[in-house]
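Listed below, chain by chain, are the residues.
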Amino acid sequence: MKLLVTRPEPGASATARRLAALGHEVLLLPCLSVKTTAPRLPEHPAALVVTSGQAVPALPARLRNVPVFCVGDATAAKLRQAGFTRVESAAGDAQDLSRLILARRLPGLHVLAVGERQGLALFSRLRAAGVFAVRRKVYTVTRLRHLPDMVQAALAAGAVDAALFYSAETARAFRALTPPGTAGMTAYVLSGNVAQGLEGLPWARIHVALAPTEADLMALLA
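Rules and cut-offs
Note on numbering: residues in each chain are counted from 1, in written sequence order. In view of the model being predicted, local features appear only for residues whose pLDDT reaches at least 70, and side-chain atom pairs are presented and counted only at 80 or more, with totals across whole chains, interfaces and linings using the full set of residues. Excluding hydrogens and water, the side-chain values take into account all heavy atoms of the structure. Pairing between strands is defined by DSSP: at least two bridges between the two strands are required. Working definition: helices are DSSP H or I runs of at least four residues, strands are E runs of at least two. Numbering for both runs from the N terminus. Here an axis means a line fitted to C-alpha atoms, over the contact stretch when the element is a helix, while the angle between two N-to-C directions is reported on a 0 to 180 degree scale. Note on definitions: a residue-residue contact is assigned when non-hydrogen atoms from the two residues lie within 4.5 Å. Pairing of N or O atoms within 3.5 Å defines a polar contact, subject to two protein rules: one partner must be a possible hydrogen donor and the other a possible acceptor, and residues neighboring in sequence count only if both atoms are side-chain atoms. Geometry of aromatic contacts follows a simple scheme: Phe, Tyr and Trp rings, the Trp one being its six-membered ring, pair when their centres are within 6.5 Å, and the pair is stacked under 30 degrees between planes, edge-to-face over 60, tilted otherwise. Note on criteria: charge over ring means Lys NZ or Arg CZ within 6 Å of the ring centre, with the direction from the centre no more than 35 degrees off the ring normal. Any carboxyl oxygen of Asp or Glu within 4 Å of a side-chain nitrogen of Lys or Arg constitutes a salt bridge here. Here's how the labels work: a residue is buried when its accessible area is under 20% of the maximum for its type, exposed when over 50%, partly exposed in between, all with a 1.4 Å probe on protein chains only. The set of buried Ala, Val, Leu, Ile, Met, Phe, Trp, Tyr and Cys residues whose side-chain atoms join them within 4.5 Å is what this entry labels a nonpolar core.

A. Spotlight on the sheet that holds strand 3 (residues 32-36). Reading across from one edge, 3-8-7-4-5-6 is the order of the six strands in this open sheet, with mixed pairing throughout. Both edges of this open sheet fall to strand 3 and strand 6 (87-89), since each of them pairs with a single strand only. Strand-to-strand, the axes of this sheet are offset by a mean angle of 25 degrees, without reference to chain direction. Direction of pairing for strand 3 relative to strand 8 (residues 133-143): antiparallel, over a ladder of five bridges. Among the inter-strand pairings, Ser33 is bridged to a residue of strand 8, identified as Thr142. On the sheet, helix 4 (residues 120-128) packs against strand 4 (47-50), strand 7 (110-115) and strand 8 and is oriented at approximately 170 degrees with respect to strand 8. Each of strand 3 and strand 8 is contacted by helix 6 (residues 168-176), which is oriented at about 30 degrees to strand 8, the strand it contacts most.

Structural data, given as structure tokens:
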């Protein structure tokens, strides 16, 4: 199949390599670009909360021994590769992450290291449940404004079989580009929340991964 990969770099290229190894043709369209900020994080938090692997490069080395709760196994792997020693994955979505944090009930300040406008619902749930928490923006996200000519032409010609979507923000950014040709395409999405981001575009089919992991997403392609 010819597949459109919409996630930001460097994840887009990594996914493209995995798909190519499975025999697929890949067209890259990173709908978001991510830029790390220089956040001022508390000196001695009780825990870090990470909802995306995009946050990992912004986390300082001095916090590597602080407990970290993260949304999924891929993010957990990035944290461990960066030297974080006390990482626990919710292996799911933001609701699973909130349940994990509430089950552990660590005393003290929880720092949500998130992107711009990200983590608001999670923050509200934690605060409502009595968790002492703050949000800190550690990266910014910019949407792609126009479809590149090559991608526009491929979509308009019906040359793309399917597209992969890893986040609701990416799905919404893709929808805002008013892409042609989606009525003849299949969307493979990481979760139901991601699928909601595609509402308003016609699709031949939308398939949701059994669990919100890349392995489960790619299993849909088999």
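Past the structure itself, the notes keep going.
B. Highlighting the side chain of Thr75. Mapped onto the elements, Thr75 comes out in helix 2 (residues 73-81). One polar contact links the side chain of Thr75 to the main-chain amide nitrogen of Gly53, over a distance of 3.3 Å. Leave out the neighbours within four places in its chain, and Thr75 touches Val50, Ser52, Gly53 and Cys70.

C. The arrangement of the packing of aromatic side chains in detail. Within this structure, the stated rule accounts for three aromatic pairs. Put simply, the rings of Phe165, Phe174 and Trp203 touch in pairs and so form one group of aromatic residues. Seen from the ring of Tyr166, Arg7 lies directly overhead, with NZ or CZ sitting 4.0 Å from the centre.

D. Fine view of the environment of Ala187. Among the structural elements, Ala187 can be located in strand 10 (residues 186-189). Through-space distance from the C-alpha of Ala187 to that of Val71 is 23 Å; in sequence the pair is 116 residues apart.

E. Here's a closer look at the pattern of salt bridges. Scanning the model with the defined rule gives nine salt bridges in all. Salt-bridge contacts for Glu88 lead to Arg104; the nearest nitrogen and oxygen are separated by 2.4 Å. Remark: Arg104 occurs in helix 3 (residues 94-104) and Glu88 occurs in strand 6; sequence separation between them is 16 residues. Given the relative accessible area of 39%, Arg104 is considered partly exposed. What you see here is one network of salt bridges that share partners, running through Arg7, Arg18 and Glu214.

F. Representation of the nonpolar core within the structure. By size, the foremost hydrophobic cluster in this structure holds 59 residues, and its most contacted members are Leu4, Phe165, Phe174 and Trp203. Discounting chain neighbours no more than four positions away, the residues touching Phe174 are Leu4, Thr6, Leu29, Cys31, Phe165, Pro179, Thr182, Leu198, Leu201 and Trp203. By size, the runner-up hydrophobic cluster in this structure holds 14 residues, among which are Phe69, Leu97, Leu126 and Val131.

G. Representation of the side chain of Ser98 within the structure. Looking at the element boundaries, Ser98 is found in helix 3. For Ser98, a relative accessible area of 6% puts it in the buried group. Discounting residues that sit within four places of it in the chain, Ser98 has contacts with Leu122, Arg125 and Leu126.

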